[in-house]
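# Fold and geometry: a report
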Amino acid sequence: MTTLSHTALGFLVAKLAVSRGWLPADTSTPYLLSMIFANLPDIDGLASLRKIYDHHNALKNLSHYPANWFIVFTLVAMVAFPFEIRLFYPYLALAGINVLLHFILDTFSIYNGIAWFGPWNTKKYSFIRMAPILPADTREWVHWYLKHWVVYLEIALWIVTLLVLL
Ligand SMILES: [Zn+2]
């Protein structure tokens, strides 16, 4: 899904965490971090700005294998353990939930999908039917995307986020 949808869901997750008292309400930090965490796996887009529709393959799919993030978060949790950093684990949980939701959103893909069992099994899964051909460029990707019903799902997510925001 698009950056805007990942960011919107990141905002909603922060809103929920703050309203439940899991994260502090007197600062914008939970919202800011949540929206960054929600886009973390798309870091491969920076390596693929000209072929953004194909960014999953830019870093050999490394940042779009859920298992890799599980390993990263587990290591970070272990390294941070002796330091007793305030609110570290609530924020780490925020990162973990956002990255998991990123992969669920990316599984609504007209092209690519998510290799949930990678790097061992690189078959990519999508909840929806993928475009019949691989797009040649970003314009062609946008063309397929705008014709697909998934665009309405994204618009619905943006509207819900706007309503929560107001
Ligand atoms: Zn992604």
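Structure shown above.
Residues numbered from 1 in each chain as written. Predicted model: local features only at pLDDT ≥ 70, side-chain atom pairs only at ≥ 80, totals over all residues. Heavy atoms only, no water.

### So, unusual backbone geometry
- Note the cis peptide between Gly118 and Pro119, where omega equals 0°.
- Mapped onto the elements, Pro119 comes out in the loop between α4 (88–106) and α5 (138–147).
- Of note in this structure, Glu84 is not a glycine but carries a positive phi near 50°.
- Positive phi, close to 65°, is recorded for Leu87, a residue that is not glycine.
- Tracing the sequence through the fold places Leu87 in the loop between α3 (66–80) and α4. (Helix = DSSP H or I, 4+ residues; strand = E, 2+ residues; numbered from the N terminus.)

### Regarding the coordination of the zinc ion
- On the protein side, the zinc ion has Asp42 (OD), His64 (NE2), His102 (NE2) and Asp106 (OD) as donor atoms, found 2.0 to 2.2 Å from it.
- What the four donor atoms of the zinc ion show is an angle range of 87 to 171° at the metal, which sorts the shape as irregular.
- Sequence spacing of the donor residues for the zinc ion, all on one chain, is D-x21-H-x37-H-x3-D. Of this pair, His64 sits in the loop between α2 (29–37) and α3 while Asp106 sits in helix α4, and the two are 42 residues apart along the sequence. Of the two residues, His64 and Asp106, neither departs from the other in class, the shared state being buried. (Donors = N, O, S within 2.8 Å, 3.2 Å for Na, K, Ca; no water. Tetrahedral: all angles 85-135°; square planar, octahedral: opposite > 155°, others 65-115°. Buried < 20%, exposed > 50% of the residue type's maximum accessible area, 1.4 Å probe, protein only.)

### Topic: the environment of Pro90
- Relative to the helices and strands, Pro90 resides in helix α4.
- A sequence separation of 73 residues divides Pro90 from Ala17, and the C-alpha atoms of the two residues are 9.2 Å apart.
- Filtering out sequence-adjacent residues up to four positions away, Pro90 remains in contact with Trp22 and Leu23. (Contact = heavy atoms within 4.5 Å.)

### Considerations on α2
- Here α2 has its buried residues at Pro30, Tyr31, Ser34 and Phe37. Angular distribution of buried residues about the axis of α2 spans 130°; they occupy a single face of the element. (Arc of directions from axis to C-beta.)

### Let's talk about the nonpolar core
- Core analysis: the biggest nonpolar cluster contains 32 residues, and Leu23, Phe73, Leu94, Ile110, Val150 and Leu157 have the highest contact counts within it.
- Elements with a contribution of two residues or more to this core: α1 (3–19), α2, α3, α4 and α6 (150–165).
- Residue contacts for Leu94: discarding those within four places in its chain leaves Val13, Leu23, Pro30, Ser34 and Phe37. (Core = buried A, V, L, I, M, F, W, Y, C linked by side-chain atoms within 4.5 Å.)

### Topic: the packing of α2 against α4
- It is the contact of α2 with α4, at a shortest axis distance of 8 Å, that shows an interaxial angle of 40°. Of the possible angle classes, the one that applies to α2 and α4 is oblique. In the packing of α2 onto α4, the handedness of the crossing is right-handed. Taken together, the residues of α4 that come into contact with α2 (itself represented by Thr29, Pro30, Leu33, Ser34 and Phe37) are Tyr91, Leu94, Ala95, Asn98 and Val99.
- Looking at the contact of α2 with α4, its residues break down into seven nonpolar, three polar and no charged. (Axes fitted to C-alpha atoms, helices over the stretch in contact; angles between N-to-C directions. Parallel < 35°, antiparallel > 145°, perpendicular 65-115°, else oblique. Left-handed = near helix turned anticlockwise from the far one by under 90°. Nonpolar A, V, L, I, M, F, W, Y, C, P; charged D, E, K, R; others polar.)

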